[in-house]
Amino acid sequence: MTKRVNHPQRPPVPAAKQPNAGRKTASPAKDAKLLSLQQQLEQQQLAEHTRQSEELHRVNRTLRTLRGGNRALLAARTELGLFEAICNVIVERSGFLTAWVGYALHDVHKTFQVVAAAGAGTDSIKACPIRWDESSCGTGPSGAAVRSGRPVLKQDLATDSSVAVWQKDLAREGFAAALGLPLFLNGEVFGALVVIAGDPHAFDGESLALFEEMAADVSFGVAVLRDREEQRLKDTRIHWLAYHDAETSLPNRRSFLEFLDAHLQKFHEDHQPLAVITLYAQETSTMSDVLFARDLCRVLLEVSRRIRPHLDDSAYWGLCAEGRFALAMPGCNLQDALVMADTIQIALQKPVAVGKVQIDITPVIGIAIFPGHAQSGEELLRNAEVALRVARRNGTICEVFRATFEQESRNNLRIAGGIRTGLKKHEFVLYYQPKIDLRNGDVLGAEALVRWIHPAHGIVSPADFIPVAEKTGLIKPLTDWVVQEAMRQAFKLLKGANREHRISINMCARSFFDPGLRQQLGRALETWGVSPEDIVLELTESMLAENVRGAVQILHSLREMGLSISIDDFGTGYSSLACLHRFPVNEIKLDYTFTRAAASDAASLKIAKAVVSLGHDLGRNIVAEGVEDEQTALLMREIGCDVVQGYFFGRPMPEEAYVPWLQQWAANAVHRSLWQTI
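Since we're looking at a predicted model, the values are computed, not measured. (Residues numbered from 1 in each chain as written. Predicted model: local features only at pLDDT ≥ 70, side-chain atom pairs only at ≥ 80, totals over all residues. Heavy atoms only, no water.)

S.K.: What is the right way to read the overall build of the chain from this model?
M.R.: Scanning the chain for helices and strands turns up 24 helices and 22 strands. Residues classed as buried in the chain amount to 44% of the 678 residues present. The contacts in the chain between residues at least 6 apart in sequence include a share of 64% that link residues at least 24 apart. Summed over its atoms, the accessible surface of the chain is roughly 36400 Å², and 52% of this surface lies on carbon and sulfur atoms. (Helix = DSSP H or I, 4+ residues; strand = E, 2+ residues; numbered from the N terminus. Buried < 20%, exposed > 50% of the residue type's maximum accessible area, 1.4 Å probe, protein only. Contact = heavy atoms within 4.5 Å. Areas by Shrake-Rupley, 256 points an atom, 1.4 Å probe, with all protein chains shown as cover.)

Printed below as a string of structure tokens:
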């Protein structure tokens, strides 16, 4: 049974001590006022909370937009990719209806080319005639932004007259406001970024600043991408040039060698041959002096065009040097290569037209075969080029590589090195061969002939070192030395002489066409006090034929100095008789091949007579060189030659022997009796 507990009760509180004691009850009006104030406070708090939420939303939207734009800039690889990404960022992250980018074209109508768009109504935008001129199609935010170079805001598209031409389309798509932002490159406007909103009041100060910054970022991104693309194109061009000839676009030597290296290993394993043919169009060396580069390029391309149809798909055709082609034929043996050489000759039989000029192409071909002639691509091409050089030197159309060619090349390199050393160590000397007046037997002068006294090999024949000097370019310094030495010795020979005595100096083509030749000769004459009348410059006929117009100008210049000019080896070159009268020369030297054969060969005698007759008609003296016996001397006198030169009268001799010879000749009645019997 539960026991009940009785608690003591509190005594009652006196009325005076109760909380509301002595107060009056509040009126209903006052309570309403308090309630209103409380509601206003709550509304203000709610409005502030809403404002802060919206501000936070705008900040977050701005940050998302900027972050998206930065990512687009970093990720973009092309301009179009950048534009598309930026448009997507604006629509997806900033909440605007549409964004598009267009190029401001500099065509007749100054049209916009919309290249990227995102959001609502993109098809309509691309179909609209948008311009950036001042026509009705160019007064929108994009056109105005391009013209002014500043952002242009259109806040009420429904009533704005500047966009009247598009208002139906704008209303249909729900477009209420638009912002046009110019895009710059190198200080010039090249296009515009346009942002479109569905709310006329969507563009506040913060969003305007955001999009201006974004447009600046896009402009910067375009500049970076174009610089990157320009560099890529440069790199691509550099790589292409590394493997192609710039003028003809044909594969070059490097490309050709890589082709060979890629195939030779497999052909070695499969025991298959590979032929390499090198082709040189001889005329290109002379055409380069008279044709423009583009004309020479046309000739090379025409040669290539004629040969390509005769090549199968496995062949590789390229231009390995100026005017020199190379052809690789996998699986082809020597017989196949020789057949192709014949095919090339036939293909190039017809002249090549360059404007109104018809140019005959004379092919020279060199052949080398893998594995018989070489084991590597570089060696194979080099040996084909060696065969080509031999063909050019021998005057043949085609040569197949032989091991002896390589030995000749090594010898040439050795000789070239010896020439350089010999010039430095004074191993070269001048020999003199007299020139005799057929009228009275007097010595008119002598031809200075260079000789090489090698310390180990003795006298080196000019036939061995002069061709090498010409091929390697050493003929120029060698000729320069001859000029100086001949002038020095002429000073000694002519000192105190009371009779005519001229020194003839052979000139090479490189020295003759050197712009500094006149100055060089003038300084040498002045240095040694030699009169120009005592010097004869001998020039080969073929040298003058290389550039007739230029040669004539140089010859006139040399004649103005008082120098005499002689055409050497006449009858063996390529000049026509029609050109001969244009050359202001003093004498013509009949080549020794005609002189020696004249006594026994009727044709040679007729040529010799024709040269003498022609020379005299033109007022030139005729010199017969290579006279080695009395019969030939008498015959040359009979046909009218003025001067003779050859072993019959005197071999080439050094300076120390030539002076005594002169004295002996003057006193020797036996030699002079020849003229008494004629």
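Moving on, there is more to tell.
S.K.: Could you clarify how one ought to interpret the pairing of strand β18 (residues 564-570) in this entry?
M.R.: Put simply, side chains in a regular strand alternate between the two faces of the sheet. In terms of burial, β18 is largely enclosed, as six of its seven residues are buried. As judged from the five bridges shared by strand β17 (residues 535-540) and β18, these two strands associate in the parallel manner. When the bridges of β18 are listed, Leu537 appears paired with Ile565. Pairing analysis gives three bridges linking β18 to strand β19 (residues 587-590), with the strands arranged parallel. Bridged to Ile567 within β19 is Ile588. (Pairing = 2+ DSSP bridges.)

S.K.: Just to check I follow, could you spell out the packing of helix α11 (residues 377-394) against helix α12 (residues 403-424) for this structure?
M.R.: Helix-helix packing is described using two parameters, namely the angle between the two axes and the distance between the axes. Between α11 and α12, the shortest axis-to-axis distance is 10 Å and the interhelical angle comes to 80°. Judged by the angle between their axes, α11 and α12 are roughly perpendicular. In this structure, α11 contributes Arg382, Asn383, Val386, Ala387, Arg389, Val390 and Arg393 to the contact, and α12 contributes Phe405, Glu406, Glu408 and Ser409. Grouping the amino acids of the contact of α11 with α12 by side-chain chemistry returns four nonpolar, two polar and five charged. (Axes fitted to C-alpha atoms, helices over the stretch in contact; angles between N-to-C directions. Parallel < 35°, antiparallel > 145°, perpendicular 65-115°, else oblique. Nonpolar A, V, L, I, M, F, W, Y, C, P; charged D, E, K, R; others polar.)

S.K.: It is not clear to me how the packing of aromatic side chains should be interpreted in this structure. Could you clarify?
M.R.: The relation between two aromatic rings is expressed through the spacing of the ring centres and the mutual angle of the planes. Enumeration over the complete set of coordinates arrives at 21 aromatic pairs. Here the aromatic rings of Trp452 and Phe465 are separated by 5.7 Å at their centres, their planes lie at 85°, and the arrangement is edge-to-face. In this pair, Trp452 is assigned in strand β14 (residues 443-454) and Phe465 in helix α13 (residues 462-472), connecting sequence segments 13 residues apart. Overall, Trp452 belongs to the buried group, its relative accessible area being 3%. Feature note: the residues Tyr432, Phe648, Phe649, Tyr658, Trp661 and Trp665 constitute an aromatic cluster, connected by ring pairs. Directly above the ring of Phe190 sits Arg226, whose terminal nitrogen or CZ lies 5.4 Å from the centroid. (Phe/Tyr/Trp six-rings, centres within 6.5 Å; stacked < 30°, edge-to-face > 60°. Lys NZ or Arg CZ within 6 Å of the ring centre and 35° of its normal.)

S.K.: What exactly am I supposed to notice about the sheet that holds strand β5 (residues 188-197) here?
M.R.: Adjacent strands of a sheet pair through backbone hydrogen bonds, lying either parallel or antiparallel. Read from one edge to the other, the open sheet built from five strands follows the order β2-β1-β5-β4-β3, with strand pairing classed as antiparallel. Every interior strand has two partners, whereas the edge strands, β2 (112-119) and β3 (152-154), have only one. Geometrically, the sheet is characterised by an average inter-axis angle of 20° between neighbouring strands, direction not taken into account. As paired strands, strand β1 (residues 98-104) and β2 are joined by seven bridges and run antiparallel to one another. The residue bridging Tyr103 from the neighbouring strand is Gln113, located in β2.

S.K.: Where do I start with the side chain of Ser255 in this structure?
M.R.: Within the fold, Ser255 resides in helix α7 (residues 253-270). By relative accessible area, Ser255 is classed as buried at 9%. Among all residues touching Ser255, those that are not within four sequence positions of it are Tyr243 and Tyr316.

S.K.: How should the nonpolar core be read in this particular structure?
M.R.: A general trend in soluble globular proteins is that nonpolar side chains are found buried together. If you look at the biggest cluster of nonpolar residues, it comprises 80 residues, and the most contacted ones within it are Phe583 and Met636. Here this core takes 10 residues from helix α14 (residues 475-494), the largest share from any one element. Contacts of Phe583, omitting those with residues within four sequence positions, involve Leu544, Val548, Ala551, Val552, Leu555, Ile567 and Arg620. Ranked by size, the runner-up nonpolar core spans 33 residues in total, among them Phe83, Leu183, Leu185 and Phe203. (Core = buried A, V, L, I, M, F, W, Y, C linked by side-chain atoms within 4.5 Å.)

S.K.: Please clarify how the sheet that holds strand β6 (residues 274-281) should be interpreted in this entry.
M.R.: The strand order across the open sheet built from five strands is β7-β8-β6-β11-β12, with neighbouring strands paired in mixed fashion. Each of the sheet's edge strands pairs with one partner strand only, and the pair in question is β7 (316-321) and β12 (398-400). Between one strand axis and the next, the sheet turns through 20° on average, direction left out of account. Where β7 lies against strand β8 (residues 324-330), five bridges are found, and the strand directions are antiparallel. Paired with Tyr316 across the two strands is Ala328, which belongs to β8.

S.K.: Teacher, can you tell me more about the confidence of the model for the chain here?
M.R.: Any residue range with low pLDDT should be treated as having predicted coordinates unsuitable for detailed reading. When the pLDDT values of the chain are averaged, the result is 86; 89% of them are 70 or greater. Counting contacts from residues 1-5, a segment whose pLDDT is below 50, to residues more than four positions away or on other chains yields zero contacts. (pLDDT = per-residue confidence, 0-100.)

S.K.: Quick question: what am I supposed to make of helix α10 (residues 334-347) here?
M.R.: Residue pairs spaced three or four apart in an α-helix point in one direction, given the helix's 3.6 residues per turn. Taking 1.5 Å of rise per residue, 14 residues should cover 20 Å, and α10 covers 20 Å from first to last C-alpha, within 8% of that figure. Listed as buried for α10 are Ala337, Met340, Ala341, Ile344 and Ala347. Taken around the axis of α10, the buried residues stretch over an arc of 125°, which confines them to a single face. In α10, those exposed residues whose orientation departs by more than 90 degrees from the buried face are Gln335 and Ile346. Capping the start of α10, Asn333 holds a side-chain oxygen 3.2 Å from the backbone nitrogen of Gln335, two or three residues further along. (Expected span 1.5 Å × (residues − 1). Arc of directions from axis to C-beta. Polar contact = N/O pair within 3.5 Å; in protein donor to acceptor, adjacent residues only side chain to side chain.)

S.K.: Before we go on, may I ask you to explain α11 in this structure?
M.R.: With 18 residues, α11 extends 26 Å from end C-alpha to end C-alpha; this agrees with the ideal 26 Å at 1.5 Å per step. Within the span of α11, buried status applies to Gly377, Leu380, Leu381, Asn383, Ala384, Glu385, Val386, Ala387, Leu388, Val390 and Ala391. Residue Gly395 follows α11 closely and has a positive phi angle near 75°.

S.K.: What is the right way to look at the packing of α7 against α11 in this model?
M.R.: Viewed as axis vectors pointing N to C, α7 and α11 meet at an angle of 120°, and their least axial separation amounts to 8 Å. By the angle between their axes, α7 is oblique relative to α11. Here Arg253, Phe256, Leu257, Leu260, Asp261 and Leu264 of α7 come into contact with α11, specifically with Gly377, Glu378, Leu381 and Glu385. Of the residues in the contact of α7 with α11, the class split is five nonpolar, one polar and four charged.

S.K.: Could you clarify how one ought to interpret the side chain of Ser124 in this entry?
M.R.: Structurally, Ser124 is set in helix α3 (residues 122-127). Judged by its relative accessible area of 17%, Ser124 falls in the buried class. Within polar-contact distance, the side chain of Ser124 engages the side chain of Glu173 at 3.0 Å. Not counting chain neighbours up to four residues away, the residues in contact with Ser124 comprise Arg172 and Glu173.

S.K.: In this structure, what is going on with the environment of Ile307? I would like to understand it.
M.R.: Here Ile307 lies in helix α9 (residues 293-307). By relative accessible area, which is 1% here, Ile307 ends up buried. Separated by 36 residues in sequence, Ile307 and Thr343 place their C-alpha atoms 8.3 Å apart. In contact with Ile307, not counting residues within four places along its chain, are Leu279, Trp317, Ile344 and Leu348.

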